[in-house]
Structure formats: structure tokens, C-alpha cells
Number of protein chains: 2
Amino acid sequence: MLKDENSNTCISSSFSIFKSLNSDELELLNANLKCNTYRKGEIIYREGSWITGIYCVKKGILKIYKTGIDSKPQIVAFAIKGDITGYRSVLSNEMACTTAEIIEEAEICFIPSDIIFSLIKTNSDFALSLIQLTCRELDQANIFIKDIAQKTVKQRLAEILLMLENTFKLDEEGYIAVNLTREDLSSIVGTATESVIRILGEFKNEGLIAIKGKKIKINDKKKMNLISDSIF
Amino acid sequence: MLKDENSNTCISSSFSIFKSLNSDELELLNANLKCNTYRKGEIIYREGSWITGIYCVKKGILKIYKTGIDSKPQIVAFAIKGDITGYRSVLSNEMACTTAEIIEEAEICFIPSDIIFSLIKTNSDFALSLIQLTCRELDQANIFIKDIAQKTVKQRLAEILLMLENTFKLDEEGYIAVNLTREDLSSIVGTATESVIRILGEFKNEGLIAIKGKKIKINDKKKMNLISDSIF
DNA sequence: CGGAACTTTGACACGTCTCAAATGCCGTGG
DNA sequence: CCACGGCATTTGAGACGTGTCAAAGTTCCG
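Residues numbered from 1 in each chain as written. Chains lettered and ligands numbered in written order. Predicted model: local features only at pLDDT ≥ 70, side-chain atom pairs only at ≥ 80, totals over all residues. Heavy atoms only, no water.

**Q** I keep staring at the interface of chain B and chain A and nothing clicks. Help me out?
**A** In many reports, interface size means the accessible area that the parts give up when they come together. Listed per partner, the contact involves 43 residues of chain B and 43 residues of chain A. Buried area between chain B and chain A, summed over both chains or domains, comes out near 3800 Å², and the portion from carbon and sulfur atoms is 69%. The largest per-residue losses of area from chain B upon contact with chain A belong to B:Leu138, B:Ile145 and B:Gln150, which jointly make up 16% of the total buried on that side. There are four salt bridges connecting chain B and chain A. Across the salt bridge formed by B:Asp139 and A:Lys66, the nearest N and O atoms sit 2.9 Å from each other. One can count 11 residue pairs in polar contact (both at pLDDT 80 or more) joining chain B with chain A. If you list the elements that add at least two residues to the side of chain B that touches chain A, you get β3 (53–67), β4 (73–80), α2 (87–91), α3 (113–122) and α4 (124–150) of chain B. Considering every element that reaches the side of chain B that touches chain A, the biggest residue donor is α4(B), with 22 residues. When grouped by side-chain class, the residues that make up the side of chain B that touches chain A number 20 nonpolar, 13 polar and 10 charged. (Contact = heavy atoms within 4.5 Å. Buried area = accessible area lost by both parts, 1.4 Å probe. Salt bridge = Lys/Arg side-chain N within 4 Å of Asp/Glu carboxyl O. Polar contact = N/O pair within 3.5 Å; in protein donor to acceptor, adjacent residues only side chain to side chain. Helix = DSSP H or I, 4+ residues; strand = E, 2+ residues; numbered from the N terminus. Nonpolar A, V, L, I, M, F, W, Y, C, P; charged D, E, K, R; others polar.)

Rendered as C-alpha cells:
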């Protein structure tokens, strides 16, 4: 029994995308996995490269970004425990359109694309789950387009902080449990690093947040929402 | 034979999303269609409402937008002949997250959602087509996030003009065959109407484009690309 | 023909970016 | 274990891009 290594415990209900698989399908999946641990800074796949399967995050945090002008990155998503990534390129037979980089020591399983395609073929509920996953992400992306186009940097930063609190758990003290550099933050919000620093400072002075190094705690979620929604 | 009204000629190979359907499935589809013509300004569905099926565009042009701050719209897509819209909300059982408005007299067919779901269930190729469609749109959205976050208004406007030329056909004189107000343009680019006007003026003075009322013609596509890619 | 919506132009204020320099933090190697 | 070097953060000053507001001109359509 290799249960602790590669098998059943690896992919299961913690990945909601696989919730519609029966035990046979789960077994097929787990029999074809390659799991690995990665350290901060490692690249799982790179924009423009061909990837041959999708990646499931068992543990840790990845940032998913596109590379823009002067190789300035634009973070378009994070992947945490239970998320899959790389599926877009695999499903549409295209080169990876983003880069996936570890920002917190991670354990990641690789699933070859033919397994995914055969699951889509044989299990329509799984296919539907995938459709719904992409639809949800598409709406998120459109919301962000709207916000980045219409909101000020301050509003966007408030919004992103709330999003981060929503995405990542809080530690014992209430700080958002992720270490992002100020530059990372600027690469999400779409602004200069210095602007992030200045506005974080304002938020802190107004008592809206607390800062301890890279860790941020939102003190006044209500006011933060008002700022983000520009009712302020 | 009602061929000219609702049946086979209506949904067919012109909708690439339906290319994987066999003749039985096409027949089922066409038997359940409701087609209508709409005039400029009409709303097909509205953000926040529940829609019970998807819409196929046989003719005409729609703008798809989200409503933002001070009800300022943010256009996130267009739908033209051969496109489907509204599928995101249907597939993920959520309220419409965008509004679809006619900007050029259109002929549109409605397909009830249960038909779509049953096709997904029985035809995995159709499901895969849908997945690939959403994946492509998702990447487009992420590209636009990157650009809107990193590019100047001028660069974005150049990019959008190129995109419009790519999306819509050209008329006999080479003008992009769509009538967008300057405000529409500003709602795509994410800027003020006045900024669009001023920069269009610059482009025109530099001979990059020609303007005839709402119609725009790109004279120097190469230079336009350079501007958009900020190699300029 | 009249009015409404759209377009254009100008002046001005403000937000945000850029550049530069100082300080702080952290991991690596001696 | 400490010192060093490099990277991240912070702060300031100044320039520039864009948004806002106001007013005039234009087009469109009933």
C-alpha cells in the first residue's frame, strides 16, 4: 500500500473539481500522479512553454502571472491548496499563457493531460465542473477589468487586501497568512511599488490596517469596503 | 418546410461552437430555438437578472458590459455573427454578470438552458468546445488586465483599435465596420471620453488613422502595433 | 425645425509615476 | 556567530499623464 505516497489520499475531495469522480476514476487519477515539493522562487511552468498536464496544489502558495512591458509581471491569480492550475493551456492545446511561481513552499501533483481529456470524455459532470470553474474565473477577470479601469489605486488596493483576506486564511493574530512583497502587491493592483507603500501607510495611519513586516491585518473591514466601493 | 424560419439554416456550422453536433443534435437544437430581431439600444439581458438560456447571434453586433462606479459601463466583449453570449451565467447557475445591448440591428436566437445541459451530458466534444471557448476568453481577459494595468491610455487605445479591426470586418473603404461612440471607446479602454477624443486626434494628425464620423480606418498598422507595444 | 445626444476644445487640478537616496532586513559565507 | 552584500522598503521632490469641469460646436432624428 502506497497510500501515503502517491495514492488515494493525494487527490480526493479536497479538490472540489474532482468531486464528481467515482472511485474508479479517482484510482486512475492517483495511479498517474507525480507529486513533488518545491521551494520558494521555483517556477512550475513558464509563459510560452508547452505543458503536458495540469498541476494540483496540495500545499503551499503559487502566484500566477503574465509578463508585460519591461518584463514587469502582472499577477492574475494565486493557487492554493485544492486549486488546479495550467489547465487552460492544456485544455486548449496552447502554450502556457502564464508563469506559475512558488511563493510559499509547496507540494504539487502533476496529472498528464490525456488523463484529463479521458475524464472529460467519460464523465460529463467532471466536464461541467471544469466549465463552471472557468466561467467563474472569467467573471472574476471581468470584474477586475472593470475595477482596474474605473477605480483609483487606493480603491483597488483596498479591494485587493480584502480579496487576499478572503483567499488566504488568517494567522492566530488575524494577519493575512501570506507573504507578499510590496512589489507583488503592486503587480496585482497594477501600480508602482512606491504607491503601494504610501497608500499602505495611509491605511495604517487611519487605523484601517496593521502591518508587521510583510504581514498585513485588516482592522476595519467595513471601512475598507467603503473605500473599495468608492462610497468614500 | 420551415427551413427559412427557425430550422436547420439557423444554427449550423456558422457557430463553430456547435461544430461537433451531429444532425440529430442540430435538429433538436433548431426545434427549440426562438429567434428574434432587435434594434439598436435594446437590451437582451441585464446584469443581475436571471436568464434561462443562451443567445446566439445570427446577425448584428452586441456590446457586453459590466456596470461600474456611477453606473459607468465597462465593455468586456462584443458579440457578432456566430458568437454565443449569456452562457456563463447559464452554465454556472448564476445571475447574469453582464448586460448585453444591441449596438447594430441584430437577429438573435435563444436556446433554453436544458438543451445546452443535455448536449453537454451527451456530447463530450461539445463540452470540450465550451471549455475551450471559456479558456480562450479567460486568457483574453487576463491579457487585457495586464495591458490595462501596465499600458498608458494611448497604448491601450492603439491596442483596442487594432482589436476592433481584427474583430469587425472592414467596409469598402477600409474603415472598421462598427459604429462606436467615443464614449463606447472610452468604456473599453478604461479612460475618459475626452482622452479618447484627444488621442484619436493625435493619431489622425500623425496620419496613423483616418476618421469619418464614428468610422475609423487604420492607415499604418505597423506603427500602431509599435505604439501599442510601447516600443515607441 | 428643434432638441437631445454626441463631439470637440480649453484650462486646470490632482493622482500617480519616476528617479534618487537613505534606511532596514535577511541570508550567505567566512 | 557575526559581517557583509544584496534585496526590499521607505521617503522626498518633481514631472507628467489623465481626469474633471465648462462651454461651444456638431450631428442625428423625430
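**Q** In this structure, what is going on with the pattern of salt bridges? I would like to understand it.
**A** Oppositely charged side chains can pair when the atoms bearing their charge come close. Residue and element names in this part refer to chain A. Applying the stated rule across the entire model yields 22 salt bridges over all chains. In this structure, the salt-bridge partner of Asp147 is Lys151, at a minimum N-O distance of 3.9 Å. An identical accessibility class is assigned to Asp147 and Lys151; each is buried. A salt bridge links Lys151 to Glu159; its shortest N-O distance comes to 3.3 Å. (Buried < 20%, exposed > 50% of the residue type's maximum accessible area, 1.4 Å probe, protein only.)

**Q** Please explain the protein's contact with DNA strand C as it appears in this structure.
**A** Around DNA strand C, a shell composed of 14 residues is seen, among which A:Val153, A:Thr191, A:Ser195, B:Arg182 and B:Ile197 lie nearest. Atoms of DNA strand C within 4 Å of the protein: sugar and phosphate make up 55%, bases the balance. Between DNA strand C and A:Arg198 there is a distance of 3.1 Å, counted from a base oxygen to a side-chain nitrogen or oxygen. Residue assignment for the surface near DNA strand C shows that the elements contributing at least two residues are α7 (193–205) of chain A together with α6 (182–189) and α7 (193–205) of chain B. Residue composition of the surface near DNA strand C, grouped by class: three nonpolar, four polar and seven charged. (Near = heavy atom within 4 Å.)

**Q** How do you make sense of the side chain of B:Glu25 when you look at a structure like this?
**A** Positionally, B:Glu25 belongs in helix α1 (residues 23–31). The side chain of B:Glu25 sits in the buried core without any salt bridge; A:Lys121 is the nearest counter-charge, 12 Å away. When neighbours within four sequence positions are excluded, B:Glu25 is seen to be in contact with B:Ser20, B:Leu119, B:Thr122 and B:Asn123. (Lys, Arg positive; Asp, Glu negative; His and termini not counted.)

**Q** How should I be thinking about empty space enclosed by the protein in this particular structure?
**A** In this approach, a probe sized like a water molecule rolls over the atoms, and the result shows the empty space that is left. Tallied over the full model, the rule gives four cavities of 30 Å³ or more. Approximately 70 Å³ is the volume found for the largest cavity. Every residue lining the largest cavity is listed: B:Leu161, B:Leu164, B:Ile176, B:Val178, B:Leu180, B:Arg182, B:Leu185, B:Lys214 and B:Ile216. Of all the elements in the fold, those that place two or more residues in the lining of the largest cavity are α5 (153–167) and α6 of chain B. Each residue belonging to the lining of the largest cavity can be placed in one class, and the counts come to seven nonpolar, no polar and two charged. Looking at the second largest cavity, its volume works out to about 60 Å³. If you trace the second largest cavity, you find it lined by A:Leu164, A:Ile176, A:Val178, A:Leu180, A:Leu185, A:Lys214, A:Lys215 and A:Ile216. Grouping the amino acids of the lining of the second largest cavity by side-chain chemistry returns six nonpolar, no polar and two charged. (1 Å grid on protein atoms, 1.4 Å probe; cavity = no way out; pocket = protein on both sides within 12 Å on 5 of 7 lines; lining within 4 Å. Points joined across faces, edges and corners; volume = space filled by probe spheres on them.)

**Q** Honestly, the relation of the copies chain B and chain A in this entry has me stumped. Any pointers?
**A** In summary, the two copies of the chain are related to each other by a rotation about an axis coupled with a shift along it. Its rotation angle being 180°, the transformation that places chain B on chain A also includes 0.0 Å of axial translation and leaves an RMSD of 0.0 Å. The relationship between the two copies is best expressed as a two-fold rotation axis. The overlap is high: 98% of the interface residues of chain B also sit at the interface in chain A, so the same surface is used on both sides. (Least-squares fit on C-alpha atoms with pLDDT ≥ 70 in both.)

**Q** How do you make sense of the packing of helix α6 (residues 182–189) of chain A against α7(A) when you look at a structure like this?
**A** Any two packed helices are characterised by the angle at which their axes cross and by the distance between the axes. Residue and element names in this part refer to chain A. Close contact between α6 and α7 brings their axes to 8 Å; oriented N to C, the two are set at 100°. As far as their axial angle goes, α7 and α6 are roughly perpendicular. The residues of α7 that touch α6, namely those facing Arg182, Glu183, Leu185 and Ser186, are Thr193, Val196, Ile197 and Leu200. Its residues assigned to classes, the contact of α6 with α7 comprises four nonpolar, two polar and two charged. (Axes fitted to C-alpha atoms, helices over the stretch in contact; angles between N-to-C directions. Parallel < 35°, antiparallel > 145°, perpendicular 65-115°, else oblique.)

On their own, these measurements won't tell you what the molecule is for.
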